[in-house]
Amino acid sequence: MNMMDTKATSALLYLDGVHVSFDGFHAINNLSLTLAPGEMRAIIGPNGAGKTTMMDIITGKTKPDKGEVLFDGIVDLTKLDETKIAELGIGRKFQKPTVFESQTIEDNLLLSLNVDHRVRGTLFWRKSRDEAARIERVLETIRLTDSRHMLAGSLSHGQKQWLEIGMLLAQDPKLLLVDEPVAGMTDVETHQTAELLKEINRDNKTVVVVEHDMTFVRELGVKVTCLHEGTVLAEGTIDDVSANDRVVEVYLGR
Amino acid sequence: MTPHILTRSLDRSAMIFLLIVAAVGILLPLSNLLLPAGSMFQVPTYLMSLFGKYVCYAILALSIDLIWGYCGILSLGHGAFFALGGYAMGMYLMRQIGSRGVYGNPVLPDFMVFLNYKELPWYWYGFDMFWFAALMVLVAPGVLAFCFGWLAFRSRVTGVYLSIITQAMTYALLLAFFRNDFGFGGNNGLTDFKDILGFNIQSDGTRATLFALSCLALAVGFLMCRAVVTSKLGKVLIAIRDAESRTRFLGYRVESYKLFVFVLSACMAGVAGALYVPQVGIINPGEFAPGNSIEAVIWVAVGGRGTLIGAALGAVVVNYAKTVFTSGALAPYWLFMLGALFILVTLLLPKGIIGTFNDWCEPNRLRNRAKQKRDPIVESAAAEDGVTLPRPAE
């Protein structure tokens, strides 16, 4: 018991025995996962394994029926809503790139800055030199400096993915949840995205990446968790996991 | 801070709009008062009152555009806030009649004497003072919008469901105000006004002043809306309109933003109603009719939502058409025409008049942008001239 407690409090994210079912379908089944601060973790699994639902639980979109979800060892995420969780420092990139299409790239980043988000503060908000510099840095990182005044809706699919990662950076969260960042990207873009995520992780941020693309996961070179039917099937290096008989069975069909 | 907000909110089209409103607001009353009756350029009083009505509708349209065009809240019950503001003003005007009423009762308005009221209901207290009535013009719609919005937005009622309950809200108020024992004059409403702040409400001078004040209110309302939509809060509103849940995941409390802008919009609608009542001389429960609110939404759609100027323009254009068509042989067909107008605008001009106009000007801007891409020096020069898209709020 005592050991469990230390495990929970020293982890940045701690899920234990989480259950969620939608109309009798068990999307998440006794899921347990622990992430150390500063860790990067790749989550793989076939369609319907519960990867996105897991992110929904962590970000407060879905409430679990059972189980513990702790952030920073003390904060019970199941009690909070999306806004509060975002304020705690959990940022999320969606599977389908979700940027504010009718606003410029720069405004997308400006909206993402982790400044006062209350109504009055936002109404009278003015960009400080420091914040302008931060936006500048993010624009450079995601290589969109030249198109900063373009509408986000006019970007290519890959660029939108990058913009959304940029929005995460502007948000400056402790934990980044990145859902399928390289879907629809060319090989070069995929490689660049892996580099970008590694760079973010070196910045002492904890990153969870959900991805199908095995080449990409291999390139990240981090611990891999394989989910299946809402529970952890295997955990370890990419070589261990892909050599696991059960993982092979799940991916290739029985 | 103030000059900063001003420079940010006043782009060229906003300046042109304000100039037109100011010109109309000054020249029309002057021509009415100073030029001899019958002169070619003299605006008759009835026409000025008619235009005054349009200006009030334009303020209502602005308030709808603020929530619908920028935040995606489609209220089909905004006429309720307009009517509440109107009733608050009407109650003041009723109390001003005093003993000049048909029954000569110094305290009770005529309809209360007629309905055998023995004393003034408590909610009529204070309405003999103008400042109190003026406060209520803002407070009554504001409080209703706050309660309604607090419940609806916190429960995340959105889209068509929200529109339906706003319809239900205005319909419920319609039924309530129709009742004689509700204390607001039943289906006759409030009328027979005599004077406002001591000035005869029928006199040309008062009418001209009311018209000028309506134009002033339109200008102030427009500036306020511009200040809101060009602030960072405006960007958040658009973000909520386009991707509500994404905005939540960025840490914005979406319901607070919606509530803020909904209450602001309701207060604006209340002011529009308060200016409307002395100019048309009556307020009755018919103003709560759901059809009125839907019509107001059509004005905004016709003018172009999310443009503010379009909303005001749409209100004036559609109402002018209404005046023309309902007074001629086509009168019985006006509602069909309004319906047809809505369908045609949705099919052919989905962005409304101003939105389509802006799109026409767009190729120019696109060309500029294409040039910038090829030549970085031009880009920085263009950015300095403010040629590019809205610049960062700095």
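Residues numbered from 1 in each chain as written. Chains lettered and ligands numbered in written order. Predicted model: local features only at pLDDT ≥ 70, side-chain atom pairs only at ≥ 80, totals over all residues. Heavy atoms only, no water.

Comments concerning the nonpolar core
Threshold: As used in this record, nonpolar core signifies buried Ala, Val, Leu, Ile, Met, Phe, Trp, Tyr and Cys residues forming a set joined through side-chain atoms within 4.5 Å. Per-residue accessibility, obtained with a 1.4 Å probe over protein chains only, is compared with the maximum for each type, and a residue is labelled buried under 20%, exposed over 50%, and partly exposed between these values. Strands are runs of DSSP state E lasting at least two residues, helices are runs of H or I lasting at least four, and both sets are numbered from the N terminus onward.
Within the largest apolar cluster, 166 residues are counted, with the highest numbers of intra-cluster contacts made by Leu163(A), Trp124(B), Leu190(B) and Phe288(B). With 16 residues, helix α11 (residues 254-280) of chain B is the single largest residue contributor to this core. Counting 26 residues, the second largest nonpolar core, distinct from the first, contains Ile28(A), Ile57(A), Val69(A) and Leu77(A).

Some details on the interface of chain A and chain B
Many authors give the size of an interface as the accessible area that is lost as the parts come together. Put simply, the rule is: The criterion used for residue contact is that any of the two residues' heavy atoms lie within 4.5 Å. The term buried area means the drop in 1.4 Å probe accessible area that two parts suffer when joined, counted for both and summed. Put simply, a salt bridge is a Lys or Arg side-chain nitrogen that is within 4 Å of an Asp or Glu carboxyl oxygen. For this analysis, a polar contact is any N or O atom pair within 3.5 Å, provided that within protein one partner can donate a hydrogen and the other can accept it, and provided that sequence-adjacent residues contribute only side-chain to side-chain pairs. Each residue is assigned to one of three groups, with Ala, Val, Leu, Ile, Met, Phe, Trp, Tyr, Cys and Pro labelled nonpolar, Asp, Glu, Lys and Arg labelled charged, and all others, Gly among them, labelled polar.
Taken residue by residue, the interface counts 36 residues in chain A and 32 residues in chain B. Ranking the residues of chain A by area buried against chain B places Phe100(A), Val119(A) and His149(A) at the top, with a combined share of 17%. Taking the shortest distance from any N to any O, the salt bridge between Arg246(B) and Glu164(A) comes out at 3.1 Å. Inspection of the region where chain A meets chain B yields 16 residue pairs in polar contact (both at pLDDT 80 or more). Mapped by element, the contributors of at least two residues to the side of chain A that touches chain B are α3 (82-88), α4 (105-112), α5 (119-123) and α7 (157-171) of chain A. Of the residues in the side of chain A that touches chain B, the class split is 13 nonpolar, 10 polar and 13 charged.

Some details on unusual backbone geometry
For Asp172(A), which is not glycine, the phi torsion reads 50° and is therefore positive. Structurally, Asp172(A) can be placed in the loop between α7 and β7 (175-179). Note on Asp172(A): relative accessible area 39%, which makes it partly exposed. Unusually for a residue other than glycine, Leu308(B) sits at a positive phi of about 60°. With respect to the helices and strands, Leu308(B) occurs in the loop between α12 (290-303) and α13 (309-326).

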